[in-house]
Amino acid sequence: MNRVVAISGVLSVAALTVVGCGEEDGASYGSGSSTITLTSFDSSYDSKANDTAIARIDETYRTGARDIKTTNLINSYSNQSLNDLDRTVLANDFEGRLENKDIEVSNRTVKRPIYEKNSNNKLDYETTYQTLNLSGLNANSYSAGTNIEDRRGIRTALSKYANIPSNVAFPEGSVCYIPVVTSERSFWAFNDKNKTGYSSLEKWLDAAKQRFSDDRDHRTSQFGVGIENKQAAAQVMFFAYNNQPAYEYSGVEYGKDIYEAHYVAKGSINPNTDSRFGVVDCTLVNEVAGDFLAEQIKRYY
């Protein structure tokens, strides 16, 4: 999985009068709430309808468990892209599992322990969902531009589903959730859905180095992870280029297979939440915004 390391760019001051980060999201989660639901929308291909399928996905974290509910809006959505499997976690001289159990939820912070293999030891890993007010925003709040450096604004599902008129705006109480991840240590996570067809890590790395056709510089590294660092891993970092962000890709060899891995750095990973400094990704929303988007998708598709 790729990781955007930095995002550059500046928005106009006018955008700041429309949205802003805040602590109140208009949802029913009070102080000490032990449940949070993150709503998103996804598309797939329905072979029977020979057309696009669109679904609403409600991911609920509650103390002790994680549930995913998929609701078809247009045709029949294939859930093969939903990643609800446990993940293998590799770190420096460490192997463990990130599982959908023993979850703790407090307000908008979700703690998910990573248990060490054959041990009760665990790593602390949590995500706090910052809120951003979407009330009054429409599809024009985001501009894709002709290239990455021209992208501006708040990217929501209104930007993704072009059939919805550009003047349709989110109602009062609409909020998006922006994840801020904090980890006790750096690690690489993957599961069966991340399995690639490459026969060796070197071939994965060769292919990963070709993912950008521009002239940007890149750096590669290979190292060991897991118990006694016996599992081979590799990373390729593409540096920022012409105001475009830096990207990082990770791969690991586990067993006899090669996996594309999600890398989590030690400490806090803070995504962009300020529209003055690049695109803000608002694809996770609360119930108010989710209900609104579902209604618009069913109306215009």
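Owing to the predicted nature of the structure, the values given are computational and were not obtained by experimental measurement. Residue numbers run consecutively from 1 along every chain, following the written order of its sequence. Local features in a predicted model are, by the rule used here, given only for residues with pLDDT of at least 70; side-chain atom pairs are given and counted only at 80 or more, and totals for whole chains, interfaces and linings are based on all residues. To obtain the side-chain values, all non-hydrogen atoms of the structure were used and water was disregarded.

### Remarks on the packing of aromatic side chains
Two rings from Phe, Tyr or Trp (for Trp, the six-membered ring) form a pair when their centres sit within 6.5 Å of each other. Planes less than 30 degrees apart are called stacked, planes more than 60 degrees apart edge-to-face, and all others tilted. Enumeration over the complete set of coordinates arrives at eight aromatic pairs. Centroid distance Phe190 to Tyr259: 4.7 Å. Interplanar angle 35 degrees. Geometry classified as tilted. In this pair, Phe190 is assigned in strand S16 (residues 187–190) and Tyr259 in strand S20 (residues 257–264), connecting sequence segments 69 residues apart. A relative accessible area of 1% means that Phe190 is categorised as buried. Its relative accessible area of 6% is what places Tyr259 among the buried residues. Only DSSP runs of H or I with at least four residues qualify as helices, and only runs of E with at least two residues qualify as strands; both kinds are numbered from the N terminus onward. Residue exposure (1.4 Å probe, protein chains only): buried if accessible area is under 20% of the type maximum, exposed if over 50%, otherwise partly exposed.

### Observations concerning the side chain of Glu99
Tracing the backbone shows Glu99 in the loop between strand S7 (94–98) and strand S8 (104–106). When its relative accessible area of 18% is taken as the criterion, Glu99 is described as buried. It only takes one pair of heavy atoms within 4.5 Å for two residues to be counted as in contact. Once you skip the residues sitting within four places of it in the chain, Glu99 turns out to touch Asp86 and Arg112.

### Side note on the pattern of salt bridges
Only one rule defines a salt bridge in this text: a Lys or Arg side-chain nitrogen within 4 Å of an Asp or Glu carboxyl oxygen. One pass over the full model with this rule turns up eleven salt bridges. For Asp206, the salt bridge identified is with Lys209, shortest N-O distance 3.8 Å. Owing to a relative accessible area of 43%, Asp206 belongs among the partly exposed residues under this scheme. Three or more residues are tied together by salt bridges with common partners; here these are Arg56, Asp58 and Asp291.

### A look at the nonpolar core
Definition of nonpolar core: a set of buried residues of the types Ala, Val, Leu, Ile, Met, Phe, Trp, Tyr and Cys, connected through side-chain atoms within 4.5 Å. One finds Leu134, Phe170, Cys282, Leu293 and Ile297 to be the most contacted residues of the largest nonpolar core, which totals 25 residues. The dominant element in this core, judged by the number of residues it contributes, is helix H3 (residues 287–300), at five residues.

### Comments concerning the sheet that holds strand S4 (residues 51–62)
In short, DSSP must find at least two bridges between two strands for them to pair. Strand order across the open sheet formed by three strands is S3-S4-S5, with antiparallel pairing between neighbours. Every interior strand has two partners, whereas the edge strands, strand S3 (35–46) and strand S5 (65–74), have only one. Pairwise comparison of adjacent strand axes, ignoring direction, gives a mean angle of 20 degrees for this sheet. For helices, the axis comes from a line fit to the C-alpha atoms of the stretch in contact; other axes are also lines fit to C-alpha atoms, and the angle between any two N-to-C directions lies between 0 and 180 degrees.

### Looking at the environment of Phe41
Within the secondary structure, Phe41 sits in strand S3. Take Phe41: its relative accessible area is 9%, and that puts it in the buried class. If we skip the residues at most four places from it in the chain, Phe41 touches Ala55, Arg56, Leu73, Lys160, Tyr161, Gly290, Leu293, Ala294 and Ile297.

### With respect to helix H2 (residues 201–208)
Within H2, the full set of buried residues consists of Leu201, Trp204, Leu205 and Ala208. Around the axis of H2, the buried residues are gathered within 100 degrees of arc, so they sit on the same side. Next to the buried residues of H2 lie strand S17 (218–225), strand S18 (231–238), strand S19 (247–254) and S20. Directions pointing from the helix axis toward each C-beta atom define the arc.

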